[in-house]
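Each chain is listed here by its residues.
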Amino acid sequence: MHDPIEIRHLRYFLAVAEAGSFSRAADRLGMSQPSVSQQMRDLETGLRVSLFQRRGKRILLTPTGLIFQEHARVILRQLENFLQELSSEPGELRGALHVGVVPILNVALMPDLLGLFAADHPRISLTVEEISSTGIETALEEGRMDVGLGFLTRHSPNLRYERLCTDEFALIVSKAHPWWKRRVIQFSELHQQRLLQLSDSFVMRRMTDQICLNHQVRPRTVAELNAIETLLRSLAPVKAAALMPKIVLRGRESLKLKAIRLQGKKLALEIGLLRLKGSGSNSTVRAFTKLAQAAVPRMIKKATWPSTR
């Protein structure tokens, strides 16, 4: 009796799912369309489930097909890493690692982490994607990403959240701001103060909105932006401030901005790793996790901020 699934079935299935068409998938695979269609019929017959549904000329996944897609991605990624390890020298890791990082931590942490990881594991192909917290969680659950670096929301029961360190919200200002020489600011003083803010598509913006609500503070939003770098570079021309974690200034010393300590409640936030539960068997994930556990707290600790001198 033949097994209902073979590796080729997984590859063909993902090609069809991504292309939304048997013919386009066949072109990408270098096969004939009838052959791809037959392979998918054989897969559905062997599994005794329906994986595809037609919507006009487009092929969509059934609810069962969506579940199969999630697991097919994970299986193929694990297989690829396994085969890479088999061809490696003893003690040398090979394979691929897809890392997601939230925008605020990308500039602050990833350049140094990339350098350290590449030096320790030169045979691992690393892909880094700047993506929202929600996007990281979804990509991890769907098997499109191996590990995430971000703020720990603990939204998903399918993910493991591991705290690396904590940071705190501060008021970010330029020399043009009247509070430049201040060392500490009461959070209540932010009421009706001019702020540049991220758009509400950022988890960070939703966090700051909640903090302001907790303090019964309503700042004056001068502008909303969807790019952190643009926001920070706009602080001096606009003569406004920003409410962000201190870590946002690491790696951006040339902007000549300052983080002023805020006195208020629940201003701390956790920075950590996100990964799918059960991913500990992936050697590349373990390697990145070990590096991040050692390096990130040290990187945060060594950062100096004008507000704490």
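Residues numbered from 1 in each chain as written. Predicted model: local features only at pLDDT ≥ 70, side-chain atom pairs only at ≥ 80, totals over all residues. Heavy atoms only, no water.

1. Describing the overall build of the protein chain
Here's step 1: The helix and strand inventory of the protein chain stands at nine helices and twelve strands.
Here's step 2: Relative to its full complement of 309 residues, the protein chain shows a buried share of 48%.
Here's step 3: Taking the contacts inside the protein chain whose residues are at least 6 apart along the sequence as the reference set, 75% of them involve residues at least 24 apart.
Here's step 4: Entry remark: accessible area of the protein chain is about 16000 Å², with carbon and sulfur atoms responsible for 50%.
Here's step 5: Side chains of the protein chain give 45 positive and 29 negative charges; the mean places of these two sets differ by 9 Å. (Helix = DSSP H or I, 4+ residues; strand = E, 2+ residues; numbered from the N terminus. Buried < 20%, exposed > 50% of the residue type's maximum accessible area, 1.4 Å probe, protein only. Contact = heavy atoms within 4.5 Å. Areas by Shrake-Rupley, 256 points an atom, 1.4 Å probe, with all protein chains shown as cover. Lys, Arg positive; Asp, Glu negative; His and termini not counted. Charge placed at Lys NZ, Arg CZ, Asp CG, Glu CD.)

2. Observations concerning the nonpolar core
Here's step 1: Core analysis: the largest hydrophobic core is formed by 74 residues, its most contacted members being Leu109, Leu113, Leu171, Ile172 and Leu232.
Here's step 2: Other than its neighbours up to four places away in sequence, leucine 109 contacts Leu149, Ile247, Val296, Met299 and Ile300.
Here's step 3: Ranked by size, the runner-up nonpolar core spans 21 residues in total, among them Leu14, Ala15, Phe22 and Leu51. (Core = buried A, V, L, I, M, F, W, Y, C linked by side-chain atoms within 4.5 Å.)

3. Considering the side chain of glutamate 44
Here's step 1: If you trace the backbone, glutamate 44 turns up in helix α3 (residues 33–47).
Here's step 2: Setting aside its immediate chain neighbours within four residues, glutamate 44 contacts Val49, Ser50, Leu51 and Phe52.

4. Thoughts on the packing of aromatic side chains
Here's step 1: Using the criterion set out here, one finds four aromatic pairs in the structure.
Here's step 2: Relative to phenylalanine 52, the ring of phenylalanine 22 lies with its centre 5.6 Å away and its plane at 65°, an arrangement referred to as edge-to-face. Of the two residues, phenylalanine 22 sits in helix α2 (residues 22–29) while phenylalanine 52 sits in strand β1 (residues 52–55), which places them 30 residues apart along the sequence.
Here's step 3: Judged by its relative accessible area of 12%, phenylalanine 52 falls in the buried class.
Here's step 4: Aromatic rings pair up to connect Phe13, Phe22, Phe52 and Phe68 into one cluster.
Here's step 5: The ring of tryptophan 179 carries the charged tip of arginine 182 above its face, separated from the ring centre by 5.4 Å.
Here's step 6: Across from the ring centre of tryptophan 180, 5.5 Å away, lies the NZ or CZ of lysine 258, which sits over that ring. (Phe/Tyr/Trp six-rings, centres within 6.5 Å; stacked < 30°, edge-to-face > 60°. Lys NZ or Arg CZ within 6 Å of the ring centre and 35° of its normal.)

5. Observations concerning helix α7 (residues 203–214)
Here's step 1: Here α7 spans 17 Å end to end across twelve residues, near enough to the 16 Å set by a 1.5 Å rise per residue.
Here's step 2: For α7, the full list of buried residues reads Val203, Met204, Arg205, Thr208, Ile211 and Cys212. (Expected span 1.5 Å × (residues − 1).)

6. Focus: helix α1 (residues 7–19)
Here's step 1: Over its 13 residues, α1 extends 19 Å from the first C-alpha to the last, a length consistent with the 18 Å expected when each residue adds 1.5 Å.
Here's step 2: Just past α1, the residue glycine 20 takes up positive phi, approximately 70°.

7. A look at empty space enclosed by the protein
Here's step 1: With the rule as written, the count across this model stands at two cavities of 30 Å³ or more.
Here's step 2: Taken as a whole, the largest cavity spans an internal volume of roughly 100 Å³.
Here's step 3: If you trace the largest cavity, you find it lined by Val102, Pro103, Ile104, Ser132, Ser133, Phe151, Ser201, Phe202, Val203, Met204 and Ile228.
Here's step 4: At the level of secondary structure, the elements contributing two or more residues to the lining of the largest cavity comprise α5 (103–120) and α7.
Here's step 5: The computed volume of the second largest cavity comes to approximately 60 Å³.
Here's step 6: If you go around the second largest cavity, the residues you meet are Leu196, Gln197, Leu198, Met204, Arg205, Thr208, Leu231, Ala242, Leu243 and Met244.
Here's step 7: At the level of elements, β8 (194–198), α7 and β10 (242–245) are the ones that each hand at least two residues to the lining of the second largest cavity. (1 Å grid on protein atoms, 1.4 Å probe; cavity = no way out; pocket = protein on both sides within 12 Å on 5 of 7 lines; lining within 4 Å. Points joined across faces, edges and corners; volume = space filled by probe spheres on them.)

8. Let's talk about the packing of α1 against α3
Here's step 1: Contact geometry for α1 and α3: axes closest at 10 Å, N-to-C directions at 115°. Comparing their axes, α3 and α1 come out roughly perpendicular. α3 is crossed by α1, and the crossing has left-handed handedness. Of the residues in α3, those in contact with Arg8, His9, Tyr12, Phe13 and Val16 of α1 are Val36, Gln39, Met40 and Leu43.
Here's step 2: Considered class by class, the residues forming the contact of α1 with α3 number six nonpolar, two polar and one charged. (Axes fitted to C-alpha atoms, helices over the stretch in contact; angles between N-to-C directions. Parallel < 35°, antiparallel > 145°, perpendicular 65-115°, else oblique. Left-handed = near helix turned anticlockwise from the far one by under 90°. Nonpolar A, V, L, I, M, F, W, Y, C, P; charged D, E, K, R; others polar.)

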